[in-house]
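One-letter residues, chain by chain:
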Amino acid sequence: FKRKLDRLVKKSPRRLSKSMIADRCVFVMLNEACMVLEEGMIDQPEDLDLAMVMGTGFAPFSAGPLSYADFRGIDQCVARMRELAKKFGKRFEPHQMLVKMANEGTRFFPDRPNPKQVRQIPASECPRSKL
C-alpha cells in the first residue's frame, strides 16, 4: 500500500535513522511544551513533564520533554532543531524560550544536578555488579 501511495504522490521512500525519527517527534513536543509554559496554562515545568509522561506516553525514563532537554543540553537541542528546520521546514524552529535559555545557559530544572557535571560511575564500581 505504501509503495502504491508513494507512486501516486510521486515520492520515493526516504530512509530515516532512528535518532532522526526520535528527534523529529521529541522536538515538536518540546516546542509545544514551551508554548504551554509561555501561555501560562501550566505554571511548573514538573507538572508539564508529568502530564506528558502520563497523558501522551512520553518515555518515563526521560521524565518528560523538559527534563529530556535539560539532560541533552538546551543549547544542543536548539542547534539540532535549527538543523531540522533547514532540512524539514519551520515547524522545527526552536521556540524563543529555548533560544533564550540556550543563550543564557539556563535550564528548566536548575535545582537538579547538571547531567554534564555528573560523574559517570563505571559498572565495576556499582554495588549491584558485585552480587
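Bear in mind the structure is a predicted one, so any value in this text is a computation, not a measurement. (Residues numbered from 1 in each chain as written. Predicted model: local features only at pLDDT ≥ 70, side-chain atom pairs only at ≥ 80, totals over all residues. Heavy atoms only, no water.)

### Quick notes on the overall build of the protein
Line of reasoning, step 1. Counting secondary structure elements, the protein contains six helices and zero strands.
Line of reasoning, step 2. Each helix and strand of the protein, ordered N terminal to C terminal, gives the series α-α-α-α-α-α.
Line of reasoning, step 3. For the protein, with 131 residues in total, the buried portion stands at 31%.
Line of reasoning, step 4. Within the protein, counting contacts between residues at least 6 apart in sequence, those at least 24 apart form 59% of the total.
Line of reasoning, step 5. For the protein, the exposed area adds up to about 9600 Å²; of that, 57% sits on carbon and sulfur atoms. (Helix = DSSP H or I, 4+ residues; strand = E, 2+ residues; numbered from the N terminus. Buried < 20%, exposed > 50% of the residue type's maximum accessible area, 1.4 Å probe, protein only. Contact = heavy atoms within 4.5 Å. Areas by Shrake-Rupley, 256 points an atom, 1.4 Å probe, with all protein chains shown as cover.)

### Regarding the side chain of Arg 107
Line of reasoning, step 1. The residue Arg 107 is located in the segment after helix H6 (96–104) in this model.
Line of reasoning, step 2. It turns out Arg 107 is buried and unbridged, and the closest side chain with the opposite charge, Asp 70, is 4.5 Å from it. (Lys, Arg positive; Asp, Glu negative; His and termini not counted. Salt bridge = Lys/Arg side-chain N within 4 Å of Asp/Glu carboxyl O.)

### Some points on the packing of aromatic side chains
Line of reasoning, step 1. For the coordinates displayed, the defined rule picks out one aromatic pair.
Line of reasoning, step 2. Taking the ring centre of Phe 88 as reference, the NZ or CZ of Arg 24 above it sits at 4.0 Å. (Phe/Tyr/Trp six-rings, centres within 6.5 Å; stacked < 30°, edge-to-face > 60°. Lys NZ or Arg CZ within 6 Å of the ring centre and 35° of its normal.)

### Quick look at the pattern of salt bridges
Oppositely charged side chains may form a pair once their charged atoms are brought near each other.
Line of reasoning, step 1. Scanning the model with the defined rule gives three salt bridges in all.
Line of reasoning, step 2. Put simply, Glu 83 and Arg 80 hold a salt bridge, and the shortest N to O gap is 2.9 Å. With Glu 83 and Arg 80 both in helix H5 (residues 74–88), this residue pair falls three residues apart, about one helical turn.
Line of reasoning, step 3. Salt bridges sharing common partners tie together Asp 23, Arg 72, Arg 80 and Glu 83.

### With respect to helix H4 (residues 65–72)
Line of reasoning, step 1. Among the residues of H4, those classed as buried are Pro 65, Leu 66, Ser 67, Ala 69 and Asp 70.
Line of reasoning, step 2. Buried residues belonging to H4 abut helix H2 (18–38), helix H3 (45–56) and H5.
Line of reasoning, step 3. At the exit of H4 stands Gly 73, carrying a positive phi of roughly 105°.

### Concerning the packing of H2 against H3
Line of reasoning, step 1. At a closest axis distance of 11 Å, the pairing of H2 and H3 adopts a crossing angle of 135°. What the angle tells us is that H2 and H3 run oblique. When the axes of H2 and H3 are compared, the crossing they make is right-handed. Counted together, Met 29, Ala 33, Val 36 and Leu 37 of H2 and Pro 45, Leu 48, Met 52 and Thr 56 of H3 form the full contact between these two elements. (Axes fitted to C-alpha atoms, helices over the stretch in contact; angles between N-to-C directions. Parallel < 35°, antiparallel > 145°, perpendicular 65-115°, else oblique. Left-handed = near helix turned anticlockwise from the far one by under 90°.)

### Some points on the nonpolar core
Line of reasoning, step 1. Leu 30, Leu 66, Ile 74, Leu 98 and Phe 108 are the most contacted members of the largest nonpolar core, which totals 25 residues.
Line of reasoning, step 2. Sorting the residues of this core by element identifies H2, H3, H4, H5 and H6 as the ones contributing at least two each.
Line of reasoning, step 3. Apart from residues no more than four positions distant in its own chain, Leu 98 is found in contact with Leu 30, Asn 31, Cys 34, Ile 74, Val 78, Met 81 and Phe 108. (Core = buried A, V, L, I, M, F, W, Y, C linked by side-chain atoms within 4.5 Å.)

### Some words on the packing of H5 against H6
Line of reasoning, step 1. Where H5 contacts H6, the axes come no closer than 8 Å and their chain directions differ by 130°. Here H5 is positioned oblique relative to H6, judged by the angle of their axes. Handedness of the H5/H6 crossing: left-handed. Two secondary-structure elements touch here, H5 through Ile 74, Asp 75, Val 78, Met 81 and Arg 82 and H6 through Leu 98, Val 99, Met 101 and Ala 102.

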